[in-house]
Amino acid sequence: MTRDYYEVLGVPRDAQDGQIKKAFRRLARELHPDQNQGDPETEERFKELAQAYEVLSDPDKRRTYDTYGHEGLRGAGAGPGAANGFGSMSDIFSAFFGGGFESAFGGGGRGGPTAGADAAVGVEIDLAEAATGITVDVSFEADARCETCNGNAARPGTPIVTCERCGGAGQVQSVARTPFGQMVRATVCDVCEGAGRVPQEPCDTCDGRGMVRETRTLAVDIPAGIEDGQRIRLSGRAHAGSPAAPAGDLYVIVQVRADERFLREGDNLVTVVDVPAPLAALGTTLDVPTLDGGVATAIAPGTQPGEILTLSGQGMPRLRGGRRGDLQVVVNVTIPRHLDRDQRELLERFAETLHDGNRGTEDGMLAKLRRLVTRA
Ligand SMILES: [Zn+2]
Ligand SMILES: [Zn+2]
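Residues numbered from 1 in each chain as written. Chains lettered and ligands numbered in written order. Predicted model: local features only at pLDDT ≥ 70, side-chain atom pairs only at ≥ 80, totals over all residues. Heavy atoms only, no water.

Chemist: Could you clarify how one ought to interpret the pattern of salt bridges in this entry?
Modeler: Close approach of charged atoms allows side chains with opposite charge to pair. Here the structure, examined in full by the defined rule, presents 23 salt bridges. In this structure, the salt-bridge partner of R63 is D60, at a minimum N-O distance of 3.5 Å. Placement of both R63 and D60 in helix α4 (residues 59-76) is noted, with a separation of three residues, approximately one turn of the helix. As a salt-bridge pair, R318 and D267 come within 2.6 Å of each other at their nearest N and O atoms. (Salt bridge = Lys/Arg side-chain N within 4 Å of Asp/Glu carboxyl O. Helix = DSSP H or I, 4+ residues; strand = E, 2+ residues; numbered from the N terminus.)

Below, the structure is given as structure tokens:
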């Protein structure tokens, strides 16, 4: 289980940037791998700390985390198990200690094609739309391969040469002075950014990035039966990667707006209807709301407060198909207030006619209680 990032850093949820930075520095010194050689538990805690700091120090990621929690970040390519691995953690590490995170743990360098980063986007739909399924347009910004240079970052027709700084290795050895003494580290080459090759003349369209930022709109099919907070993964629809690598995944996080008429309990829906006491005694037909509109429903004579009628198949569909859930209709027997004189006389005459045979119900105490105790 992933721990709460605020808890990991030991800061309150409204902590300022400076407070977060300070907490990270202090804990990072305690947990630094050079201080605790080879202790796997400390190493895990350090990774957890770096992850927490990576998110909380970035205003965008922090907002996503505050709104969607770890789930949202998994989509954004920042959470645990994200495709970009320690890429950005390495940057944090360098910022604090002047070296690479991976090399500190004896990991390999970057090098090779890098897959594009994932992205996340939220959509909000109604409960009725969740019941039928719906196609929604989502817009998001993503890096796309530059069409002018086809992603190789060079002005068309100009050569791409081996990086002089790293000799094509994509990495350079550096001696870094850190709070823990001198360390030799392999760091990603700052000239070619790990590619080993650099364009002689950068492409004008993308300024030598090989990518351009664009706004994309996609029609996303949201399946019937989706639940609040579930996410849909669209493989390869997010940021472009380096030329030979796949694009990142887009995660669509679906929020289902609450419907004030219904409570959702798994596949079932629950609603409440008011039935005036005289009608509950006599029996009546009521218009009960369902997701498909009102349905005339018989209320049997003598219906008691809290009794539940089940409208079979009027609940939510199951995400993977199969039988639809039910609509449970809770009968709220209402006692009329503000009686006028005629009503009062009628009820007084009626009350005088009550006898032991119909004054109460013959149900036991527990059965009555079960009906009356609400589920909300
Ligand atoms: Zn270009
Ligand atoms: Zn280089």
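Chemist: Quick question: what am I supposed to make of the coordination of the zinc ion (ligand 1) here?
Modeler: Ideal values differ by geometry: the angle at a metal is 109.5 degrees with four tetrahedral donors, but 90 or 180 degrees with six octahedral donors. Distances from the zinc ion (ligand 1) to its protein donors, C146 (SG), C149 (SG), C203 (SG) and C206 (SG), fall within 2.3 Å. For the zinc ion (ligand 1), the four donor atoms in the first shell make angles of 102 to 116° at the metal, a pattern classed as tetrahedral. (Donors = N, O, S within 2.8 Å, 3.2 Å for Na, K, Ca; no water. Tetrahedral: all angles 85-135°; square planar, octahedral: opposite > 155°, others 65-115°.)

Chemist: Got a minute to help me understand the side chain of H239 in this structure?
Modeler: Residue placement: H239 occurs in the loop between β8 (231-234) and β9 (250-256). Ignoring any residue separated from it by four or fewer positions in sequence, one finds H239 in contact with G116, A117, D118, A119, E141, A142, D143, R213, A247 and G248. (Contact = heavy atoms within 4.5 Å.)

Chemist: Mind showing me how you'd approach helix α9 (residues 341-353) here?
Modeler: Helical geometry: 3.6 residues make up each α-helical turn, so side chains three or four residues apart lie on a common side. For α9, built from 13 residues, the straight-helix expectation of 18 Å at 1.5 Å per residue is met to within 8% by its first-to-last C-alpha distance of 19 Å. With a side-chain oxygen positioned 3.2 Å from the backbone nitrogen of D342, the residue opening α9 is D340. (Expected span 1.5 Å × (residues − 1). Polar contact = N/O pair within 3.5 Å; in protein donor to acceptor, adjacent residues only side chain to side chain.)

Chemist: Please clarify how unusual backbone geometry should be interpreted in this entry.
Modeler: Trans is the prevailing form of peptide bonds, just as negative phi is the prevailing case for residues other than glycine. One non-glycine residue, N150, adopts positive backbone phi at about 60°. Topologically, N150 is positioned in the loop between β2 (134-145) and β3 (160-162). The backbone of D207 shows a phi angle near 60°, a positive value even though the residue is not glycine. According to the relative accessible area criterion, D207 is exposed, its value standing at 68%. (Buried < 20%, exposed > 50% of the residue type's maximum accessible area, 1.4 Å probe, protein only.)

Chemist: What exactly am I supposed to notice about the coordination of the zinc ion (ligand 2) here?
Modeler: Within the protein, the atoms that donate to the zinc ion (ligand 2) are C163 (SG), C166 (SG), C189 (SG) and C192 (SG), at distances of 2.2 to 2.3 Å. Around the zinc ion (ligand 2) sit four donor atoms, and with donor-metal-donor angles ranging over 103 to 121° the site reads as tetrahedral. Read N to C, the donor residues that coordinate the zinc ion (ligand 2) are spaced as C-x2-C-x22-C-x2-C. Taken together, the positions of C166 in the loop between β3 and β4 (171-178) and C189 in the loop between β5 (181-188) and β6 (197-199) put the pair 23 residues apart, joining distant regions of the chain. Taken individually, C166 and C189 each receive the classification buried, so the pair is uniform in this respect.

Chemist: Is there a simple way to think about the side chain of D326 in this case?
Modeler: Examined against the element boundaries, D326 turns out to sit in the loop between β14 (308-311) and β15 (327-334). Given the relative accessible area of 15%, D326 is considered buried. Only 3.0 Å separates the side chain of D326 from the backbone nitrogen of G313, close enough to count as a polar contact. At 2.6 Å, the side chain of D326 forms a polar contact with the side chain of R323. The contacts of D326, once residues within four sequence positions are left out, are D267, N268, L269, T310, L311, S312, G313, Q314 and G315.

Chemist: Explanation requested: the sheet that holds β9 in the structure shown.
Modeler: Paired through backbone hydrogen bonds, the strands of a sheet run either parallel or antiparallel to each other. Ordered in space as β1-β9-β8, the three strands form an open sheet in which the pairing is mixed. Of all strands in the sheet, those with a lone pairing partner are β1 (119-125) and β8, marking the two edges. Strand-to-strand twist of the sheet, defined as the mean angle between neighbouring strand axes without regard to direction, takes the value 25°. One ladder, built from seven bridges, connects β1 with β9; its direction is parallel. Considered in β9, the bridge of I125 is made with V256. (Pairing = 2+ DSSP bridges. Axes fitted to C-alpha atoms, helices over the stretch in contact; angles between N-to-C directions.)

Chemist: Explanation requested: the sheet that holds strand β10 (residues 263-265) in the structure shown.
Modeler: The strand order across the open sheet formed by four strands is β10-β11-β15-β14, and the pairing between neighbours is mixed. Every other strand in the sheet has two partners, leaving β10 and β14 as the edge strands with one partner each. Strand-to-strand twist across the sheet, computed as the mean angle between neighbouring axes with direction ignored, equals 30°. Note: strand β11 (residues 268-276) against β15, eight bridges, orientation parallel. Among the inter-strand pairings, D274 is bridged to a residue of β15, identified as N332.

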